[in-house]
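# Topology and contacts: notes
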Amino acid sequence: GPGPVGDPSPTSSVRESLRRDNEADNRKICPARLTGPINTPADDSVHAYSQYSDEWWYYSSHLQSDDGDREFGFAQIVYTSLDPQSGSPIQYVDATVTDIAARQYHFGGRQYAFSPATVVPNAFDFAIGTERVRGGNGRDIVHSEVVDGGSTYVVDLKLESEKTPVLHLADGYVNYYSRERMKATGTISVDGKVYAVHGDTWFDHQFGPQLIELSTVRSWTWIAAQLTGGRELLALVVNKQDGTQQYIGSYTDEDCNTTQLGEADFTVTATGSWAASEGCVYPLGWDVRVPARGVTVHVDPVIEAQDIWVPGMDRYYEGDSTVTGSHRGKAYVELFGFCAP
């Protein structure tokens, strides 16, 4: 986990204001069931490997200790896939903690299970190394142990969806939906000291023959923002190998009404960069505009160094971020394809 780098994160008073706003947003509950090409809770479950060769369940959380002293970002991503060499089913998980007070980012290393995932109707249940993920239909429990740089973070969260699941319109190779605001409660242990925490989690689930789609991709920038007033914004820009771009987005208002966004509806412009290492430069800092919704915001990582590196296999960015401008809030940003391999 790299130490403090870059400019200071937003002041504590700004983040305290955002925390109060998010707690007010949590009072808005929109119970509804996603219908159409994706159906929940049935599609919460693991899908057949013979049909879907790459699938993931993704949590990104903004957490505050109940005593107000500490803030954390927490990401946990479970993957199921087929081993490219043997063709056998495998599972693996990446988990990270952003310790905002310490201005440190911790990735404990990828953990594997060389076996098929357990198939649970209308739900999921993963046990991979120290990581546990169980749930379905918007009520989930996660456990994570991130050991890195001499520090140990143990995360236990109970998550409950507070808004309608949102379908994102991608293409025939990617089935994609989100629970964009889940209420999170639980604990984080930092080197043995336990903090009761609460906050907001964004959940993503993608499945389908995604390896076909991934073979056409050069890079992407994914921004998932929880805004004040109970609003959520997804802005995903995919750069293809052939030089074209794909825009996938959505804006959800406080009453759970979702508007799908395409290339004509939003822009994402990087305003800076961060050289993680030689030959690995991430864009960093983004202006995001959705003119029809009056959204003109800037997204800034709370610290620069928030990349996941699995030597020889994967390197991508999962960054806890703050949103300022016409709307305030918090976001997670994923950057893929900016570093080899």
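The structure this text deals with has already been given above.
Heads up: these notes are all about the structure in this document. These figures come from a predicted structure and were not determined experimentally. (Residues numbered from 1 in each chain as written. Predicted model: local features only at pLDDT ≥ 70, side-chain atom pairs only at ≥ 80, totals over all residues. Heavy atoms only, no water.)

Before going further, it helps to spend a moment on the overall build of the chain. Each helix and strand counted, the chain has 2 helices and 25 strands in total. Taking all 341 residues of the chain together, the buried fraction comes to 56%. Sequence separation of 24 or more characterises 58% of the internal contacts of the chain that already satisfy a separation of 6 or more. Element-wise, carbon and sulfur atoms account for 51% of the exposed surface of the chain, whose accessible area totals about 13600 Å². (Helix = DSSP H or I, 4+ residues; strand = E, 2+ residues; numbered from the N terminus. Buried < 20%, exposed > 50% of the residue type's maximum accessible area, 1.4 Å probe, protein only. Contact = heavy atoms within 4.5 Å. Areas by Shrake-Rupley, 256 points an atom, 1.4 Å probe, with all protein chains shown as cover.)

For the rest of this paragraph, the subject is the side chain of T201. Along the chain, T201 falls in strand β13 (residues 193-207). One polar contact links T201 to S61, side chain to side chain, over a distance of 2.6 Å. (Polar contact = N/O pair within 3.5 Å; in protein donor to acceptor, adjacent residues only side chain to side chain.)

What follows deals with the packing of aromatic side chains. For the structure on display, the rule yields 18 aromatic pairs. Note on W274 and Y317: the rings are 6.3 Å apart at their centroids and 65° apart in plane angle, and the pair reads as edge-to-face. Here Y317 lies in strand β24 (residues 314-325) and W274 lies in strand β19 (residues 273-277), a separation of 43 residues in the sequence. Each member of the pair, W274 together with Y317, is buried. Ring-pair connections join several aromatic residues into one group, and the members of that group are W57, Y59, F124, F126, Y177 and F203. Taking the ring centre of Y79 as reference, the NZ or CZ of R110 above it sits at 6.0 Å. (Phe/Tyr/Trp six-rings, centres within 6.5 Å; stacked < 30°, edge-to-face > 60°. Lys NZ or Arg CZ within 6 Å of the ring centre and 35° of its normal.)

Let's shift gears to the pairing of β19. Looking down a regular strand, the side chains alternate between one sheet face and the other. Pairing between β19 and strand β20 (residues 280-283): 4 bridges, direction antiparallel. Paired with A275 across the strands is V281, a residue of β20. Joining the antiparallel neighbours β19 and β20 is a turn of 2 residues, in which G279 adopts a positive phi near 80°. (Pairing = 2+ DSSP bridges.)

Grouped together as the largest cluster of nonpolar side chains are 35 residues, with contacts concentrated most on L63, F126, L157 and I188. At the level of secondary structure, the elements contributing two or more residues to this core comprise β1 (54-65), β2 (71-82), β3 (89-99), β7 (123-128), β9 (139-148), β10 (151-161), β12 (174-190) and β13. Examining the composition of this core, we find that 5 residues originate from one element, β12, more than from any other. With residues near it in sequence (within four places) discarded, L63 still touches R70, E71, F72, F74, L157, A184, I188, V197, H198 and G199. Listed in part, the 27 residues of the second largest apolar core include I223, L233, L261 and Y317. (Core = buried A, V, L, I, M, F, W, Y, C linked by side-chain atoms within 4.5 Å.)

Below, the discussion takes up unusual backbone geometry. Along the chain, T40 connects to P41 via a cis peptide bond; the corresponding omega equals 10°. Non-glycine residue N122 carries a positive phi angle of around 65°. Owing to a relative accessible area of 40%, N122 belongs among the partly exposed residues under this scheme.

Considering the arrangement of structural elements, one finds D242 in the loop between β15 (231-240) and β16 (245-252). Taking the C-alpha atoms as reference, D242 lies 8.6 Å from R218; in sequence the two are 24 residues apart. Within the structure, D242 has its side chain in polar contact with the side chain of T244 (distance 2.6 Å).

The pairing of strand β6 (residues 118-120) with β7 spans 3 bridges and is antiparallel. In the sheet register, V120 faces β7, and the bridge partner there is A123. The hairpin turn running from β6 into β7, its antiparallel successor, is 2 residues long, and N122 in that turn takes a positive phi close to 65°. Alignment of β7 against strand β8 (residues 131-136), held across 5 bridges, turns out to be antiparallel. Residue F126 lies in a different strand from β8, and its bridge partner there is V133. Counted between consecutive antiparallel strands, the loop separating β7 from β8 contains 2 residues, among which G129 sits at a positive phi close to 60°.

Moving on to the side chain of D54. Inspection of the secondary structure assignment puts D54 in strand β1. Buried charge without a salt bridge: D54, with R110 as the nearest opposite-charge side chain at an N-O distance of 9.4 Å. Apart from the residues lying within four places of it in its own chain, the contact partners of D54 are T80, S81, Q206, F207, G208, Q210, L211 and L214. (Lys, Arg positive; Asp, Glu negative; His and termini not counted. Salt bridge = Lys/Arg side-chain N within 4 Å of Asp/Glu carboxyl O.)

Oppositely charged side chains can pair when the atoms bearing their charge come close. All told, the structure shown has 11 salt bridges when counted by the stated rule. Notably, a salt bridge pairs D99 with R70, separated by 2.7 Å at the nearest N-O pair. With D99 in strand β3 and R70 in the loop between β1 and β2, this pair connects stretches of sequence that are 29 residues apart. Accessibility classification places D99 together with R70 in one group, the buried group. Two residues, K163 and E232, come together in a salt bridge whose shortest N-O distance is 2.8 Å. Residue K163 is found in the loop between β10 and β11 (166-171), and its partner E232 is found in strand β15; the two are separated by 69 residues along the sequence. Residue class for K163 comes out buried when judged on its relative accessible area of 5%. When salt bridges with common partners are traced through the structure, they connect K163, R181, D200 and E232 into a single cluster.

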